[in-house]
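# Descriptive analysis of the structure
Take a look at the letters that make up each chain.
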Amino acid sequence: MIKLQNVEKIYRTSSIETLALNNINLNVKKGEFVSIMGPSGCGKSTLLNIIGLLDAPSKGIIELDGQKVETYHDKAIAPLRNKMLGFIFQSFHLINDLSVIDNVEIPLLYRSTTARQRRELAEEALEKVGLSNRMKHFPKQLSGGQKQRVAIARAIVGKPEIILADEPTGNLDSAMGNEIINILQSLNENGATIVMVTHDDAMAKRTHRLIRLFDGTQVL
Amino acid sequence: MIRHLFKLIWNKKQTHALLIIEIWASFLVLFGLATLIFYNVRNYIQPLGFEYENVWAMSLNNNQDTIAIQEKVETIFAHVKGFPEVQSVSRMSDSYPFSQSNNSRTVKYNNVATQIGVVVADENLSKTIDIPLIKGKWYRNADSIGKYIPVVINRKAEALLFENQSAVGKILSDYDGKATWIVSGVIDHYKDKAEFMENKPFLFELLKSKDIWNKTLVIHVKPGTDAIFEAKLVKGISSIAKGWSTDIVYLTDARQKQHDMTLIPVLIFLIVCSFLLINVALGLFGILNLSIARRRGEIGLRRAMGATEKMVTAQFLGEIWVLSTFSVILGLILAVQFPLLNVFDVAAGIYGIAIVTATLIIFVIVTLCAWYPSSQASRIHPAIALHED
Ligand SMILES: Nc1ncnc2c1ncn2[C@@H]1O[C@H](COP(=O)(O)OP(=O)(O)OP(=O)(O)O)[C@@H](O)[C@H]1O
Ligand SMILES: [Mg+2]
């Protein structure tokens, strides 16, 4: 499902060059739940961004669902992000001026759907994360765990094959974190391929496979 | 997407209140300015209705002299007319073309009453300043023996008083309903306060033979006649009427004065408004720049969810267009009161064009102000934008 070959990422600023990823080879099968661990600054987010097509690698090849990513041109890449990938971030990234259901609908705005279809799909997604009773709330009125569940609903509303989660429980206490992992696990059981960055061994243990990074290099 | 925009805007209404007021106020300023400009342009393109090149207006002043005024004026008239440099001369009231003075009266026909500008003039005026007649004829001095005072009115006055009928031969009454005037002819335009004046109803009344008050001579001289002749003219008059004074104005100068009186306030208003609008545009640009910059996280998120750069730019433009539409509608509610209540004596069509123009300019300004920051912001890298938040 996800295939990385000899991927390298170098960040260049005027004074320094950072080798954030060094010769990464990765193969995530369809339906797999993979976790990525490693010390701060080792390149976990960078790797996830590259898998999620939010960032282009400096070198190497990326294949998603058998499709090689040839160009990072805005017009070509946007539909891939929209249809194939769902993102979950540590800091939720909800739009505070939109209600829960409107936040969840966002990915559907960028493909051809009717307002009615959007509403139905969003309701369905919110149901899956157990937030049907919070649809008209605004992000400010929600707890951290609820916010992350909204973000998960948003990630899955377009029914992507791949879900990428960057420390989804990083801002949550362990009870709420557990809840999130439970949801991710059930999504995985229903067929989603998931790659998750985490700092928590207990969380990582609940996934199929662990990838360890150290200083931009894969050590496990 | 439109619905999404409305929700975004609605949920941020407090933040947007100031922006709406700013756009609303700019719309009204633009509306006022456009009305003023279109009003003057429309007046300007209407014909003046008479000739003013090589025409002088000479006011005669008898000062302390009270003896045989009428005879002296007649002698002066004949004296002026005798010069080979003079093509034609006419005697009229002191509201000569482009003068600063005005006269008007209420004139009635059947049930219609209207305020009409009035000039008293002899039979020579139409020839002296070349006012073409479109109906009937210009009155003769000899017509003054009749029961009613002969008058010539302009087409505007005819339309107001008679609608579709012809005015020629009709009797007009004064304010008290007393039958006073008889229409002998109709002219087209007579904009005696120069080109920027609105085409208003007008009436020329025959100067009575015993009249001693209306002593302005309008003199059409041959081209190239200069101040040397002017001095000769004045000298001749002072020898006919001792103690009298004269005051000669070239109509070209008087016309310029009238133009200045209209254009200078318009120009000042235009400059003030331009500065105001430049300020508003800069302010708007600043506000939008800031508010869009604050939404980098949102932009990153939308890009990550599959929005293209163009979609993000379109969203921000859409937001400002919705806000502007709302502001313009609020402005319209006020603007349409002007034609509805007829606040100023300006045609509804002028207000209409002014509204359309002001709306267009508002949209151009907000689009320019929003386009640069939004297209700039849409280009940021999603990974970086998300990382910053
Ligand atoms: N936009 C950037 N420009 C320059 N350097 C960057 C940029 N983003 C990341 N880096 C560098 O690349 C390296 C990897 O960063 P990354 O964010 O992937 O780490 P991480 O493993 O996710 O860390 P954490 O656990 O703290 O989130 C770091 O050394 C970081 O400083
Ligand atoms: Mg990270």
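Analysis parameters
Residues numbered from 1 in each chain as written. Chains lettered and ligands numbered in written order. Predicted model: local features only at pLDDT ≥ 70, side-chain atom pairs only at ≥ 80, totals over all residues. Heavy atoms only, no water. Domains from an automatic or database assignment. Contact = heavy atoms within 4.5 Å. Buried area = accessible area lost by both parts, 1.4 Å probe. Salt bridge = Lys/Arg side-chain N within 4 Å of Asp/Glu carboxyl O. Helix = DSSP H or I, 4+ residues; strand = E, 2+ residues; numbered from the N terminus. Nonpolar A, V, L, I, M, F, W, Y, C, P; charged D, E, K, R; others polar. Phe/Tyr/Trp six-rings, centres within 6.5 Å; stacked < 30°, edge-to-face > 60°. Buried < 20%, exposed > 50% of the residue type's maximum accessible area, 1.4 Å probe, protein only. Pairing = 2+ DSSP bridges. Axes fitted to C-alpha atoms, helices over the stretch in contact; angles between N-to-C directions. Near = heavy atom within 4 Å. Polar contact = N/O pair within 3.5 Å; in protein donor to acceptor, adjacent residues only side chain to side chain. Areas by Shrake-Rupley, 256 points an atom, 1.4 Å probe, with all protein chains shown as cover. Parallel < 35°, antiparallel > 145°, perpendicular 65-115°, else oblique. Left-handed = near helix turned anticlockwise from the far one by under 90°. Disulfide = S-S within 2.5 Å. UniProt positions renumbered as here; feature names shortened; annotations may be inferred.

## Section: the domain arrangement of chain B
Residue and element names in this part refer to chain B.
- Structurally, chain B comprises domain 1 (2-45 + 257-388) and domain 2 (63-243).
- Centre-to-centre separation of domain 1 and domain 2, based on C-alpha positions: 51 Å.
- Each partner contributes residues to the interface: domain 1 has 11 residues there, and domain 2 has 10 residues.
- When domain 1 packs against domain 2, the two sides together hide about 1,000 Å² of surface, and 52% of this comes from carbon and sulfur.
- A per-residue breakdown of the area domain 1 buries against domain 2 is headed by Asn43, Tyr44 and Gln258, which together make up 50% of the total.
- Viewed at the interface, domain 2 and domain 1 are joined by 0 salt bridges.
- When contributions to the side of domain 1 that touches domain 2 are tallied by element, the ones reaching two or more residues are helix H2 (13-45) and helix H7 (251-293).
- Looking at the side of domain 1 that touches domain 2 residue by residue, the class counts come to 4 nonpolar, 5 polar and 2 charged.

## Examining the packing of aromatic side chains
Residues and elements named next belong to chain B.
- Using the criterion set out here, one finds 19 aromatic pairs over all chains in the structure.
- Consider the rings of tyrosine 52 and phenylalanine 98, whose centres lie 5.6 Å apart with planes at 75 degrees: the pair is edge-to-face. Here tyrosine 52, found in the loop between H2 and strand E1 (55-61), pairs with phenylalanine 98, found in the loop between strand E2 (86-92) and strand E3 (104-109); they are 46 residues apart in sequence, far enough to count as distant. Both residues of the pair, tyrosine 52 and phenylalanine 98, count as buried.
- Pairing tryptophan 138 with tyrosine 139 gives two aromatic rings, centres 5.3 Å apart and planes at 45 degrees, and the pair type is tilted.
- The exposure class assigned to tryptophan 138 is buried, which follows from its relative accessible area of 8%.
- An aromatic cluster of at least three residues, connected via ring pairs, comprises Phe50, Tyr52, Phe98, Trp138, Tyr139, Tyr190, Phe202 and Phe204.

## Side note on the sheet that holds strand E3 (residues 33-37) of chain A
Residues and elements named next belong to chain A.
- Taken together, the 6 strands give an open sheet; going across it, the order is E6-E7-E8-E3-E9-E10, and neighbouring strands pair in mixed fashion. At either margin of the open sheet sits one strand with a lone partner, and together these are strand E6 (85-88) and strand E10 (217-218).
- The sheet strands contacting helix H2 (residues 74-84) are E6 and strand E7 (162-166), and the helix crosses E6 at an angle near 75 degrees.

## Things to note about the site of ligand 1
Residue and element names in this part refer to chain A.
- The local shell around ligand 1 consists of Tyr11, Thr18, Ala20, Ser40, Gly41, Cys42, Gly43, Lys44, Ser45, Thr46, Glu167 and His199.
- Interatomic distance of 2.6 Å between a side-chain N/O atom of serine 40 and an oxygen atom of ligand 1.
- For ligand 1, an oxygen atom lies 2.7 Å from a polar atom in the side chain of serine 45.
- Compared with its free state, where it exposes 630 Å², ligand 1 has 68% of that area covered by protein.
- Where the shell around ligand 1 is concerned, the elements lending two or more residues are strand E2 (17-28) and helix H1 (44-51).
- Looking at which element gives the most residues to the shell around ligand 1, the answer is H1, with 3 residues.
- Looking at side-chain class alone, the shell around ligand 1 contains 3 nonpolar, 7 polar and 2 charged residues.

## Remarks on the packing of helix H3 (residues 100-109) of chain A against helix H4 (residues 115-128) of chain A
Residues and elements named next belong to chain A.
- Two numbers describe how H3 lies on H4: the axes approach to 9 Å, and their chain directions differ by 120 degrees. Taken together, the axis directions place H3 and H4 in an arrangement best described as oblique. Seen along the crossing, H3 lies across H4 with a hand that is right-handed. Contacts from Val100, Ile101, Asp102, Val104, Glu105, Leu108 and Leu109 in H3 reach Arg118, Arg119, Leu121, Ala122, Glu123, Ala125 and Leu126 in H4.
- Its residues placed into classes, the contact of H3 with H4 shows 9 nonpolar, no polar and 5 charged.

## Observations concerning the sheet that holds strand E1 (residues 2-12) of chain A
Residues and elements named next belong to chain A.
- Strand order in the open sheet formed by 4 strands is E2-E1-E4-E5, and the pairing between neighbours is antiparallel. The open sheet terminates on both sides in strands that have one partner only, identified here as E2 and strand E5 (67-68).
- Sheet analysis places strand E4 (residues 59-64) next to E5, joined by 2 bridges and oriented antiparallel. Each residue of the ladder has a partner; that of glutamate 63, found in E5, is lysine 68.

## Description of unusual backbone geometry
- Here the phi dihedral of A:Lys159 falls at roughly 55 degrees; this positive angle occurs in a residue that is not glycine.
- A positive phi angle is found at B:Glu163, which is not glycine, with a value near 50 degrees.
- Take B:Glu163: it is sitting in the loop between helix H5 (155-162) and strand E7 (171-173).
- With relative accessibility at 63%, the residue B:Glu163 sits in the exposed group.

## Quick look at the state of the cysteines
- One pass over the full model with this rule turns up 0 disulfides over all chains.
- The closest cysteine sulfur to the non-disulfide-bonded B:Cys273 is located on B:Cys369, 17 Å from its own sulfur.

## Some words on the UniProt feature "transmembrane region" (unreviewed entry) in chain B
Residues and elements named next belong to chain B.
- Per the UniProt record, the feature "transmembrane region" (unreviewed entry) sits at residues 21-41, 263-290, 311-336 and 348-372.
- Here residues 21-41 runs as 100% helix and 0% strand, with 30 Å between its end C-alpha atoms.
- For residues 348-372, helix accounts for 100% and strand for 0%, while the C-alpha atoms at its two ends are 37 Å apart.

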